[in-house]
Amino acid sequence: MSAAQLYTKYTRVWIPDPDEVWRSAEIIKDYKEGDKSLQLKLEDETLYEYPIDPPGSELPFLRNPDILVGQNDLTGLSYLHEPAVLHNLKVRFLESNHIYTYCGIVLVAINPFEQLPIYGQDVIYAYSGQNMGDMDPHIFAVAEEAYRQMARDEKNQSIIVSGESGAGKTVSAKYAMRFFATVGGSASETNIEAKVLASSPIMEAFGNAKTTRNDNSSRFGKYIQIGFDKRYHIIGANMRTYLLEKSRVVFQAEDERNYHIFYQLCASSSLPEFKDLGLTCAEDFFYTSQGGDMSIDGVDDADDFEKTRHAFTLLGVKESHQMTIFRIIAAILHLGNLKIQEERDGEVCSVSSEDEHLSSFCSLLGVEHSQMQHWLCHRKLVTTAETYVKSMSLHQVVNAMNALAKLIYAQLFNWIVQHVNQALHTTVKQHSFIGVLDIYGFETFEVNSFEQFCINYANEKLQQQFNSHVFKLEQEEYMKEEIPWTLIDFYDNQPCIDLIEAKLGILDLLDEECKMPKGTDQNWAQKLYDRHSASQHFQKPRMSNTSFIVLHFADKVEYQSEGFLEKNRDTVYEEQINILKASQYQMVADLFQEDKDPVPTTPGAKRTPRINVRSAKPAFKAANKEHRKTVGHQFRNSLQLLMETLNATSPHYVRCIKPNDEKIPFKFDPKRAVQQLRACGVLETIRISAAGFPSRWSYPDFFNRYSVLMNKRDLSKSDTKQICQTLLKDLIKDPDKFQFGRTKIFFRAGQVAYLEKLRADKFRAATIMIQKTVRGWLQRARYQRLRRATLALQRHTRGHLARRLFQHLRRTRAAIILQKQYRMLRMRRAFLRVRSATLTIQAFARGMFVRRIYHQMLMEHKATILQKYARGWLVRARLRRARAAAVVLQSHWRRLRARRQLQALRIEARSAQHLKKLNIGMENKVVQLQRKVDEQNKENKLLNEQLSMLTSAHSSEVEKLKKELQQYQQTQQGDGKQLLSLQEEMEQLRTELERAHSEREVLEDSHGKERDLLRKRICDLEEENALLKQEKEELNSRILCQSEDEFARNTVEENMQMKKELEEERSRYQNLVKEYASLEQRYDNLRDEITIFKQQTPGHRRNPSNQSSLESDSNNPSICTSEIGDTEDVIQQVEEIGMEKAAMDMTLFLKLQKRVRELELERKKLQAQLEKKEQESKKSQVNEIKTEVTSEHEDFAYNSLKRQELESENKKLKNDLNELRKAIADHATQNNSSNDVQDGYNLLLNQLKLANEELEVRKEEVLILRSQIMKAAQQKEESISPNASWPNSDRHVDQEDAIEAYQGMCETNRKTEDWGYLNEDGELGLAYQGLKQVARLLEAQLQDQRREHEEEMEALKNQVDLMQEELEKQQQAFLQTLQLSPEVQVEFGLQQEITRLTNENLDLKELLEKLEKNEKKLKKQLKIYMKKVQDFEASQTKVPVERRSHERSMQVAVQRKEKDFQGMLEYYKEDEPLLIRNLITDLKPQAVSATVPCLPAYILYMCIRHADYINDDQKVHSLLTSTINGVKKVLKKHQDDFEMTSFWLANTCRLLHCLKQYSGEECFMTQNTAKQNEHCLKNFDLTEYRQVLGHLSIQIYQQLINIAEGILQPMIVSAVLENESIQGLSIVKLVGYRKYSSNAGDSSYSLDEMIRQLNTFHSIMCDQGLDPEIIQQVFKQLFYMINAIALNNLLLRKDVCSWSTGMQLRFNISQLEEWLHGKNLQQSGAAQTLEPLIQAAQLLQLKKKTSEDAEAICSLCTSLTTQQIVKILNLYTPVNEFEERVTVAFIRNIQKQLQERNDPPQLLLDFKHMFPVLFPFNPSAITMDSIHLPASLNLDFLNKV
């Protein structure tokens, strides 16, 4: 193609610009051959004429089409030149904020000067396993490529990170090492990767400093080799350093700092351990204050110092060594502050012995003060004859002092590097390594010295290696594609390298000059002029005789020769070194000791055995030895060693660019960028690529992109390769412009742009055709619409006029009807008014007449009644007066007659005849009385004789009793005291009772007052609450009217937040279970490895005694606290089992701890109760002794009766007290009104009155009884012998009989006083015995009652205190709520009420659990007793037990009657391993596929049920433990088998459900049938085993998810993002990316294949009977992973962020949603997990131009974070030139609108996140007795019960 074809109108070009380096312009006139200028229009619409002089000379660079701008790879650009590279980097950096860009095999990294969220763990995992080029450019992609090539090719790798100071080299190297530490984490627990990362703070502190270009500039080069084993896990590392800038220790330029460690130590000098260092702030020391600025913005030196110390500790550096290091650093600072005193005009100098800095320097380094003072100012000259000591001048002393400081720091730095390497060293054989080279980039300053020369020399060597490697890759690519290629001319910098390192080169001449005694910098510069003036890479400045210029590959640099010799010699006097060697600190002396073998070797890789990893700088040698190597020589050797290492590895390049010198985030300075691009070799890579075939397309991609340029005949062919070849031959006539490879088409530079131009022209022509057709169609459609509209208007107008006429006629008729009706209505209303008025007048008139007649009749009736009553009263008054007069007359008459009769009787009494009548019969009575007197005298004599006999006997007996009485009175004093104590106790009880009454009254008063106050407050609060409710209702109505949707959304968000918190809590719990399982798995692996190792190693070996076991939590019996009540038994069982078998069951351990605490509390309570019982027993013993003494003297009736009287009174008081308590309790429960208080008080008074009355009655009865006893003692008959005793008096009497006898005796006393009746059948003695028993009983009851009363009083007091505290808390809360706003008060009240109800609920739950435990315990005891009864009955049968066992062993077929199957399976203990093997270990899911789902779980439960039935806890424990271990063993064996894992997940869950369903707990038995309830467990509570099975289910579920994810993960990207389900929407890359990754053969999957795999998962889980809820959770987890991986890949790939991808992605997601709907999984939440991916697809399809589009995007993309939305918009790539790019302003608008979102900081989704799993209870409808055992299971040893 000619220039006239390319430089046409509207073509854009690049022209030079002094400010922006290159500027874009558009051609406004076609260029013709011979034109002297180009007519251009700049971007600001100004015209510009670009001169072409001479005509035909080089034209300006062409600009790439906009569709190619922003490419990930610079080599993918059609036009490869400097302005295209600069513009592409600028667009990516400023508009898309992409700091990484590929340039072939080079990763260009631009420092953003701010922290970006693109280096997290999620990003590392996203790039892990991906090919380089599949994802966006990133440092992790380069690290992954190096890691994969190391693993695939088994060749060592190197990552070379270069760039100038401040470009971000150290950070890039740090992120690369972080990637290796994460992806290749060490398999052991040595934590090597952490140590590798920990070395960075140390090296930054001692090797980095602030410069004018960078706040954390590395002032040394380092090469870190990270070693890997055969499994490619990190095993160790090694570091080599290059050319530490020692001059910075003693000199810093303006606005620069010394090394960070000096300022960190000064900032921490106030710490106690650093008081002896004598440090102050950094401004006080010369070596740290020369730059002027002591601080760095955003950097805390003290905090960084703590990180440095922590890193030292992590690397194993001792505290003593750390302190020595800090002492050396402090000593260097003090050395810089020494004051040199001049003498003799500066020829002689000295240091004062009193200089405090000298003293500090010597004390810190442990050297002799006087010697150091002397040799700092003197030196020794050794000749052949003698030795001289010469004084040094001031200049020499300062130079020597600075040299000593630099030497000390350099040696310390080398010692630190050596110890870091020792910490990172490993004894394991290294299989391969990856090296990370962090080396200084090309440097050029205003003043360039020896350091810049060495740095640029190293970059020359690296550039040479880079050029050869790039050329080699290009050659390999051409050879692989089998296309002819010619030698590409590339820049070779070998002449420049020869100028520096060849014989008699710059370094050689420098070393030669250093050997001269009088050598100077000027002489060396003159030798350079003389030797190399003819070299094309060497120049002499015009204005200087001490400088020289070297033309490097990047730029020409002028070096000042001043200081070259001194820095190259690095002279330090031997005397000073000898003083340091003699230091009292061993570490200081070791720094300066000569090593015989200074090059320690490290085992290298297989393919590079000749390369030894060693320190780049050998140890220090004496200054006066001639064979000592110079600094230049050492650096050349170490650089040669580095190049050998790099040449033996596969290199990967990272070039860091500093965008501006002001360190402003995301500011791009084109001048600085171009300068660095030229210096780092990026443009050389572009030039090499442009010299060949830079654009490369695969045949399918080319066909999809440019098929529009083909004709139908070519498209009908089936061979895509042939079609592409035909097309290119027709379009591009020059065959040299392209080449056909095996799999790709190679294009020269500019050809892709030409094809894009042709494609655009074709599209433009097609667009014009489409526009013409569409416009004609639009006009025809517009005419038709107008015609239809005119007809419609006419039709509607005519209809309107007709309707209006009809409306007029209808209204006229309606008006006439209305007038008629109105007139009729008006006349009717007038008639009705007249009629109603007439009726009203008539009614009132008639009522008036009737009322008049009624009032007249009423008056007459009342007058008649008054007359009746008046006449009656008058008649009655006359009758009363007449009757009174008659009575008076009768009285006077009767008195007169009585007086007359009295006088007659008196006269008759005085007569004799009357006396005779009275004395008739008296004589007969006298005779009878005389006879009776005689008989009585005779009888009296007999009685006197008997009385004399009785008196004599009685007197003797009385004397005897008197003696006994005296003895008894002595002992009776104690009894009197007892009576007194009882009386006192009675008084105390009365006082306590009164006090209780008073306290009760006080409490009732206070309670009443508080209740009134509370009621009042409640009323107030209710009123306020009513007002608040009213206000709230009003506000709610307003809010609801305004934003009902917002309220609902907030409610949903709160619910979602609560669910999220619950899910997070459950997730943390299940993560702990997962970690426990992983630790267990790791332990098993280590144990297997140890076993294998022990088997391989012959000889004697012993097991470690302290080996910890991380086996399953079910390997040991789960000790149930309900069955084993004592913790010591548990411990004893664990000790018996042994530590090697005991599992680390944290759940059991916590429960045992809880049980121990409960038992400790119970022990304390029991001890307290025991002490109380002992005190009570002592008191009861004393009382019993007293009562026994009393019972021995029953004859003293008075005291006994007195005691009985008191005891009866106590009993009465007890009853009163009980009634009082009952009344108090009733009052406490009711607590309704003050009437209850008055009722209680009245009841108490009545009880006291009744008690007093009863007491008086009892006293009278006792006195009567006492008098009868005394009379009986005096009137004993002679027939009764003295020794006689009452019958039945010695008989044992019960307490109830005694009480009845006492009551009967009291009734007898009331009836009669007859002695014979009272003492009939010894009843009196029986009563007396009864009284004694009653007395004892009452006394014991009194004491118990007193004790109970005291305890109840204490309990009541405690309750009162608690109530007071609670009341105070409520008052405080009430006062607090009063200070709050009304809404907050309501919410606070609700929270308080919820808290109270929650506490009550918890208390009730605890009580319910206790009751359930007691119930279960009683049930177990009952079952044990029933079993004992059954065993006893069985033992009574005739058939012995031995016969049964004998019959079993003989296997005799006995005919017996079949019984019903009870759903239990019996087996012998020795058959348990066989059961586990046949049912678990060797069982295949296919063997039970035709049976009941989860058959093994049912069989295991039936075995467990039988063991429970026979109450064999050991059997239950053994079976469950073996089952769990067997399942774990099977899962470990089939770690990648989805079917087996799903099978055992279903069976484990079913076994867990069976243990719940048949546990006997009511909550799990609601759906059971009566038959199923009979199959419940009877004896054991397997709650803990249910928990263990739950943990096992979680582990199996997690393993199932991992297996499914491992199968699906390779399919997701190709099936969801890259699969072309919609034909015609091709997803292709716009340019041919040049993949340098040799990982070929990546399999591609379609969406149908992935859906088939999902169908397989679903069918397997359904066939095996897995619960539907668990299946839903499985697919929810899998769909979340699909969403996360697809979205992460979308966020990291520019080629899939297009409109066509969005359309294709949405279709693929709809296919997945349809699959979920077809499988009835729409309720699982799986579809919701795809919401972020759906919104991403919609975002790709939406319009992205106006502010309305931005609002639509913000409202739609709610599941995407702000960073994800912005990232997708930045990555969005138009498919063709007709689609516009997303502007920066639009993205800023999106960011502004999304500022209020509180999105998480991470960009990518965590695809490893696992939702917490729930196992809802799912009871089975199958009964145990209906299950059939198939013969294929080989379970014949199981017997049905």
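Our subject is the structure listed above.
Below is a summary of the structure that appears in this document.

Calculation rules
- Residues numbered from 1 in each chain as written.
- Predicted model: local features only at pLDDT ≥ 70, side-chain atom pairs only at ≥ 80, totals over all residues.
- Heavy atoms only, no water.
- Helix = DSSP H or I, 4+ residues; strand = E, 2+ residues; numbered from the N terminus.
- Buried < 20%, exposed > 50% of the residue type's maximum accessible area, 1.4 Å probe, protein only.
- Contact = heavy atoms within 4.5 Å.
- Phe/Tyr/Trp six-rings, centres within 6.5 Å; stacked < 30°, edge-to-face > 60°.
- Pairing = 2+ DSSP bridges.
- Axes fitted to C-alpha atoms, helices over the stretch in contact; angles between N-to-C directions.
- Salt bridge = Lys/Arg side-chain N within 4 Å of Asp/Glu carboxyl O.
- Patch = residues over 30% accessible without salt bridge, like charges linked within 9 Å, V, L, I, M, F, W, Y side chains within 5 Å.
- Areas by Shrake-Rupley, 256 points an atom, 1.4 Å probe, with all protein chains shown as cover.
- Lys, Arg positive; Asp, Glu negative; His and termini not counted.
- Charge placed at Lys NZ, Arg CZ, Asp CG, Glu CD.
- Parallel < 35°, antiparallel > 145°, perpendicular 65-115°, else oblique.
- Left-handed = near helix turned anticlockwise from the far one by under 90°.
- Core = buried A, V, L, I, M, F, W, Y, C linked by side-chain atoms within 4.5 Å.
- Arc of directions from axis to C-beta.

### Focus on the overall build of the protein
Of regular secondary structure, the protein possesses 52 helices and 26 strands. Within the protein, the fraction of its 1841 residues that count as buried is 43%. The contacts of the protein with a sequence gap of at least 6 include a subset with a gap of at least 24, amounting to 75%.

### Points about the packing of aromatic side chains
A complete count under the given rule lists 40 aromatic pairs for this structure. Between F274 and F305, the ring centres sit 5.6 Å apart and the planes meet at 70 degrees, which makes this aromatic pair edge-to-face. Of the two residues, F274 sits in the loop between α7 (260-267) and α8 (286-289) while F305 sits in helix α9 (residues 301-314), which places them 31 residues apart along the sequence. One aromatic cluster in this structure is built from Y119, F140, Y147, Y175, F179, F180 and F228.

### Quick word on the sheet that holds strand β23 (residues 738-740)
Taken in spatial order, the 3 strands line up as β22-β24-β23 in an open sheet, and their pairing is antiparallel. Only two strands of the sheet have a single partner each, and these edge strands are β22 (695-698) and β23. Strand-to-strand twist of the sheet, defined as the mean angle between neighbouring strand axes without regard to direction, takes the value 20 degrees. Judged from the 3 bridges that link them, β23 and strand β24 (residues 744-747) form a sheet pairing that is antiparallel. Paired with Q739 across the strands is F746, a residue of β24. Lying over the sheet, helix α14 (residues 450-481) contacts β22 and β24, oriented at roughly 130 degrees with respect to β24. In the packing of helix α26 (residues 720-731) onto the sheet, the strands contacted are β23 and β24, and the crossing angle to β23 comes to about 160 degrees.

### Focus on the sheet that holds strand β17 (residues 432-438)
Paired through backbone hydrogen bonds, the strands of a sheet run either parallel or antiparallel to each other. Taken together, the 7 strands give an open sheet; going across it, the order is β6-β7-β21-β8-β17-β11-β12, and neighbouring strands pair in mixed fashion. What marks the edges here is a single partner per strand, and that holds for β6 (100-103) and β12 (234-242). For this sheet, the mean inter-axis angle between neighbouring strands, taken without regard to orientation, is 20 degrees. Packed on one face of the sheet, helix α2 (residues 82-95) meets β6 and β7 (106-110) and runs near 155 degrees to β6.

### A closer look at the pattern of salt bridges
Enumeration according to the criterion identifies 27 salt bridges in this entry. For E43, the salt bridge identified is with R63, shortest N-O distance 3.6 Å. Of this pair, E43 sits in the loop between β3 (37-42) and β4 (47-51) while R63 sits in the loop between β5 (61-62) and α2; the two residues are 20 residues apart in sequence, bridging distant segments of the chain. With its nearest N and O atoms 2.7 Å apart, the salt bridge here joins E1618 to R1693.

### Here's the deal with a negative patch on the surface
Among the surface-exposed residues, D1403, E1406, E1409, E1412 and E1562 lie close enough to one another that they form a single negatively charged patch. Its place among the elements puts E1406 in helix α37 (residues 1382-1436). Using a relative accessible area of 46% as the deciding quantity, one classes E1406 as partly exposed.

### Regarding the packing of helix α10 (residues 319-336) against helix α11 (residues 356-365)
Their axes nearest at 8 Å, the elements α10 and α11 cross at an angle of 155 degrees. Considering the angle they form, α10 stands roughly antiparallel to α11. Between α10 and α11 lies a crossing whose hand is left-handed. Residue-level inspection shows R327, I328, A330, A331, H334 and L335 of α10 in contact with α11, the latter providing H357, S360, F361, S363, L364 and L365.

### Regarding the side chain of N258
Here N258 lies in the loop between β12 and α7. What N258 contacts, discounting residues up to four positions off in sequence, is A209, K210, R248, V249, Q252, Y263 and Y287.

### Comments concerning the nonpolar core
For soluble globular proteins, nonpolar side chains are generally found buried alongside one another. Formed by 327 residues in total, the largest nonpolar core has its most connected members in F180, F206 and F548. No other element matches the 18 residues that helix α44 (residues 1583-1618) contributes to this core. Contact partners of F180, with chain neighbours within four places excluded, come to A143, A146, Y147, I159, G185, I226, F228, I234, I434 and V436.

### A word on a positive patch on the surface
Residues R876, R878, R880, R881 and R883 make up a contiguous surface patch of positive charge. Here R881 lies in helix α27 (residues 751-909).

### A closer look at the environment of L728
Topologically, L728 is positioned in helix α26. With a relative accessible area of 0%, L728 lands in the buried category. As a C-alpha pair, L728 and I745 span 17 residues in sequence and 9.8 Å in three-dimensional space.

### Focus on helix α15 (residues 494-501)
C496, I497, L499 and I500 are the residues of α15 that are buried. The buried residues of α15 occupy one face: seen down the axis, they fall within an arc of 155 degrees. Check the buried side of α15 and you find it contacts α14, α16 (506-515), α17 (521-532), β18 (538-539) and β19 (547-551).

### A short note on unusual backbone geometry
For E45, which is not glycine, the phi torsion reads 70 degrees and is therefore positive. Turning to its location among the elements, E45 is positioned in the loop between β3 and β4. Its identity as a non-glycine residue notwithstanding, D255 has a phi of 65 degrees, on the positive side. Here D255 is to be found in the loop between β12 and α7. Among the residues examined, D255 registers a relative accessible area of 41% and is labelled partly exposed.

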